[in-house]
Amino acid sequence: MSNRSTWKCRISGEPLFPVLDFGLQPLGNGFLLPEQFDKEYFFHMQVGFDPESKMFQLLEQPNPEQMFHENYAFFSGTSRFMAAHFEEFANRVKSSGCLKTDPFVVELGCNDGILLRHFAKEGMHHLGVEPSRNVATVANEQGVSTISEFFTAELAEQIVKEHGQADAFLAANVMCHIPTIRNVVKGIKTLLKPTGVVQFEDPYLGDVLRKTSYDQLYDEHVFLFSALSIQYLFALEDLELIDLQPQGTHGGSMRYVLAHQGAYPQQPSVAAILSEEKAQGLDRLETFQAFAQQVARSKTELQELLSDLKRQGKKIAGYGATSKSTTILNYCGIGPDVVDYISDTTPIKQGKYSPGTHIPVQPYEHFQQDRPDYAVLFAWNHQQEILAKELGYTQSGGQWIVHVPQVQILK
Ligand code: DWN
């Protein structure tokens, strides 16, 4: 898969080079009931690279309305560690000096208000923009003023008319979901005060390649960003990187800090990380072709490990019905004959079945009583928090399987 395709880069308009093919995939968060199995939606998930914009992206993506709606299954508040992370994020913004007199803070994709509530509780002028109506309702109930809309350049003009320009534009795990990101960046430029600062974070391409965490690719993640690709994208609207802050969340993320060209000095982190990325080859097609081979190897290793355990008669469950697990289960062909059920604490997922491979999702209490021989840690990005919580399971002989950074049974 290395010839240019008819698919075009969403940033530069150049033809994409396809590098990965995951076959037919359902919606990552499309947990469903048996009566919905026969009309389940699938799309051909392929991933390509554009050497011009340096953007790594899905070729095809389902419509946003199909993915983000009134039954969206992911609530940010399910992890205590993430709640602490967002408090730290809010404190960093507050102490960064970008919030001037009577500041206005906007967050794109504020989910249940996990970040914005730290501004709301101080009575700060704020606005959340969240397309999934059910999570937007939770945010409003928490005192976070939220409108349920998709953010666009047109909406940005409307917000400026009603609220004025913003001192801070924030987003966490959102920007990489938006296929029309060029329009969003245009909106950010309109919305941002001359002294305003953009701060957003997303899973980081450099970590995905280093850890073979290919499960960060699913319908919702249309892009996996690097600093190189973000630099290219925002330069189209005369916005520039002023800082880069690597994060440990979601298995390795990057916080991108940007402002209008020339408004702030550039921190040394920018030059340092851009040059690390060139050394890692994030600007070269060959790097992504090598990644595709790592992904194929990881698939074989996971299939072999699970088949071997099944041959020994072991009981295997999944832990965390993550969006990421949808890619692994469908790509590796793992169904309920291998993984009996997936434990998850999110009520909206419980009693449903995993997208595509139809493994039952059970409440956490089921896992606590059942104690399977092995648990596949699909929520591997929360490993530290989960292993601390599950000391009892581990001490009673339960074993953990992870596929990141390599397929293994944890010692
Ligand atoms: O970008 C996105 C990220 C931020 O969140 C979205 N596209 C969708 C979602 O991705 P995900 O589902 O892969 O995220 P998580 O945070 O890895 O999901 C964790 C899942 O595991 C949740 O369903 C909750 C569950 N969980 C659990 O059952 N017990 C989580 C923890 C920490 C636990 O102890």
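We now turn to the structure provided with this report. A quick note: this is a predicted structure, and the numbers were derived from the prediction, not measured.

Right, let's talk about the overall build of the protein for a bit. In terms of helices and strands, the protein carries 14 helices and 17 strands. Relative to the compact-globule value of 22 Å for 411 residues, the protein shows a C-alpha radius of gyration of 21 Å, a close match. Summarising its shape, the C-alpha atoms of the protein cover approximately 65 × 50 × 40 Å along the three principal directions. Of all 411 residues assigned to the protein, the portion counted as buried reaches 56%. Counting 34 positive and 48 negative side-chain charges, the protein places the centres of these two groups 3 Å from one another.

This brings us to the sheet that holds strand 6 (residues 146-147). Spatially, the 7 strands line up as an open sheet ordered 6-5-4-7-8-11-10, and their pairing is mixed. Two strands close off the open sheet at either side, each with one partner strand: strand 6 and strand 10 (239-247). With 6 bridges connecting them, strand 7 (residues 166-172) and strand 8 (residues 192-203) associate as parallel partners. The residue of strand 8 that forms the bridge with Ala-166 is Leu-192. Packing of helix 9 (residues 268-280) onto the sheet brings it into contact with strand 10 and strand 11 (253-260), and relative to strand 10 it is tilted by some 75°.

Another aspect to go through is the packing of aromatic side chains. Geometry of an aromatic ring pair is reported as the spacing of the ring centres plus the angle between the planes. What the rule picks out here adds up to 20 aromatic pairs. Geometrically, the ring pair formed by Phe-22 and Tyr-214 is stacked, given 5.9 Å between the ring centres and 20° between the ring planes. Here Phe-22 is found in strand 1 (residues 17-25), whereas its partner Tyr-214 is found in the loop between helix 7 (205-211) and strand 9 (223-224), with 192 residues between them in sequence. What makes Phe-22 buried here is its relative accessible area of 4%. For the pair Tyr-319 and Trp-400, a centre-to-centre distance of 5.4 Å together with 65° between the ring planes defines the contact as edge-to-face. With a gap of 81 residues between them, Tyr-319 in strand 12 (residues 316-319) and Trp-400 in strand 16 (residues 399-402) connect regions that are remote in the sequence. Ring-pair connections join several aromatic residues into one group, and the members of that group are Phe-200, Phe-223, Phe-225, Phe-234 and Tyr-256.

Backbone-to-backbone hydrogen bonds join strands into a sheet, with any given pair of strands oriented parallel or antiparallel. Taking strand neighbours across the sheet as the criterion, the 4 strands line up as 1-2-3-9 in an open arrangement whose pairing is antiparallel. Two strands bound the open sheet, and with one partner strand each, they are strand 1 and strand 9. Bridge analysis of strand 1 against strand 2 (residues 43-50) gives 6 bridges, and the strand direction is antiparallel. Looking at the pairing, Leu-20 lines up with Val-47 of strand 2.

Turning our eyes to something else, we now look at the pattern of salt bridges. For the coordinates displayed, the defined rule picks out 12 salt bridges. Arg-284 is the salt-bridge partner of Glu-286, the closest N and O atoms lying 3.8 Å from each other. Residue classification places Glu-286 among the partly exposed positions, given a relative accessible area of 48%. Among the residues examined, Arg-284 registers a relative accessible area of 38% and is labelled partly exposed. When salt bridges with common partners are traced through the structure, they connect Glu-88, Arg-92, Glu-201 and Arg-255 into a single cluster.

What follows deals with the pairing of strand 3 (residues 55-58). Pairing of strand 2 with strand 3, which is carried by 4 bridges, proceeds in the antiparallel orientation. When the sheet's bridge partners are listed, Val-47 is paired in strand 3 with Leu-58. Between the antiparallel neighbours strand 2 and strand 3 lie 4 residues, among them Lys-54 with a positive phi of about 65°. Judged from the 2 bridges that link them, strand 3 and strand 9 form a sheet pairing that is antiparallel. Opposite Phe-56, over in strand 9, you have Leu-224 as the bridge partner.

Over its 13 residues, helix 9 runs 19 Å from end to end, which matches the ideal 18 Å to within 8%, given 1.5 Å per residue. Looking only at helix 9, the buried set comprises Ser-269, Val-270, Ile-273, Leu-274 and Glu-277. Angularly, the buried residues of helix 9 cover 125° about the axis, an arc narrow enough to put them on a single face. The exposed residues of helix 9 that point more than 90 degrees off its buried face are Pro-268, Ala-271, Glu-276 and Ala-279. On its buried face, helix 9 is in contact with helix 8 (227-235), strand 10 and strand 11. One or two steps after helix 9, the chain reaches Gly-281, where phi turns positive at roughly 85°.

Rules used throughout
Residues numbered from 1 in each chain as written. Predicted model: local features only at pLDDT ≥ 70, side-chain atom pairs only at ≥ 80, totals over all residues. Heavy atoms only, no water. Helix = DSSP H or I, 4+ residues; strand = E, 2+ residues; numbered from the N terminus. Rg over C-alpha atoms; globule rule 2.2 N^0.38 Å. Buried < 20%, exposed > 50% of the residue type's maximum accessible area, 1.4 Å probe, protein only. Lys, Arg positive; Asp, Glu negative; His and termini not counted. Charge placed at Lys NZ, Arg CZ, Asp CG, Glu CD. Pairing = 2+ DSSP bridges. Contact = heavy atoms within 4.5 Å. Axes fitted to C-alpha atoms, helices over the stretch in contact; angles between N-to-C directions. Phe/Tyr/Trp six-rings, centres within 6.5 Å; stacked < 30°, edge-to-face > 60°. Salt bridge = Lys/Arg side-chain N within 4 Å of Asp/Glu carboxyl O. Expected span 1.5 Å × (residues − 1). Arc of directions from axis to C-beta.

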